Amino acid sequence: QVQLVESGGGLVQAGGSLRLACAASGRTFTSYAMAWFRQAPGKEREFVAASSRTGGGTYYADSVKGRFTISGDHAKNTVYLQMNSLKPEDTAVYYCAVGLLARRDLTTTEYDYWGQGTQVTVSS
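Residues numbered from 1 in each chain as written. Predicted model: local features only at pLDDT ≥ 70, side-chain atom pairs only at ≥ 80, totals over all residues. Heavy atoms only, no water.

Q: Looking at this model, I keep getting lost on the overall build of the protein chain. Mind explaining?
A: When its secondary structure is counted, the protein chain shows zero helices and 11 strands. Its helices and strands taken in sequence order, the protein chain reads β-β-β-β-β-β-β-β-β-β-β from the N to the C terminus. For 124 residues, the compact-globule formula gives about 14 Å, and the C-alpha radius of gyration of the protein chain, at 14 Å, lands near that figure. Based on the C-alpha atoms only, the size of the protein chain along its principal axes is roughly 40 × 25 × 25 Å. (Helix = DSSP H or I, 4+ residues; strand = E, 2+ residues; numbered from the N terminus. Rg over C-alpha atoms; globule rule 2.2 N^0.38 Å.)

Quick look at the structure:
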């Protein structure tokens, strides 16, 4: 069994920064992709960013491009999300996710393991 634990959420003013972290524990595995999603109250879970082990590619939602940076270590199954220039509309519960098998579209929610989520609140 695999557990993902997020940390680093909190309350920040608009324009501020936060860094989220996600660490995996449990059985040994090799991830193909690691990603961050978020879900605001009353809305569906949406893609934020993903990192692919193949070629080190990174992918971002248009709404966060240029402000957020995903990084991590696939071998250690740790992933980070540096969030700068935060806006009130970034307020949500942020979830990390890990996918084991290669696939073309990393923006969908078809990941194998999910964390419990960490709250990010951006005040105006």
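Q: Please clarify how the pattern of salt bridges should be interpreted in this entry.
A: Per the stated rule, a full pass over the model turns up four salt bridges. Between Arg38 and Glu46 there is a salt bridge whose closest N-O contact spans 2.6 Å. What makes Glu46 partly exposed here is its relative accessible area of 36%. Asp62 is the partner of Lys65 in a salt bridge, and the nearest nitrogen-oxygen pair spans 3.1 Å. Accessibility classification places Lys65 together with Asp62 in one group, the exposed group. Shared partners join several salt bridges into a network, and the residues in it are Arg38, Glu46, Arg67 and Asp90. (Salt bridge = Lys/Arg side-chain N within 4 Å of Asp/Glu carboxyl O. Buried < 20%, exposed > 50% of the residue type's maximum accessible area, 1.4 Å probe, protein only.)

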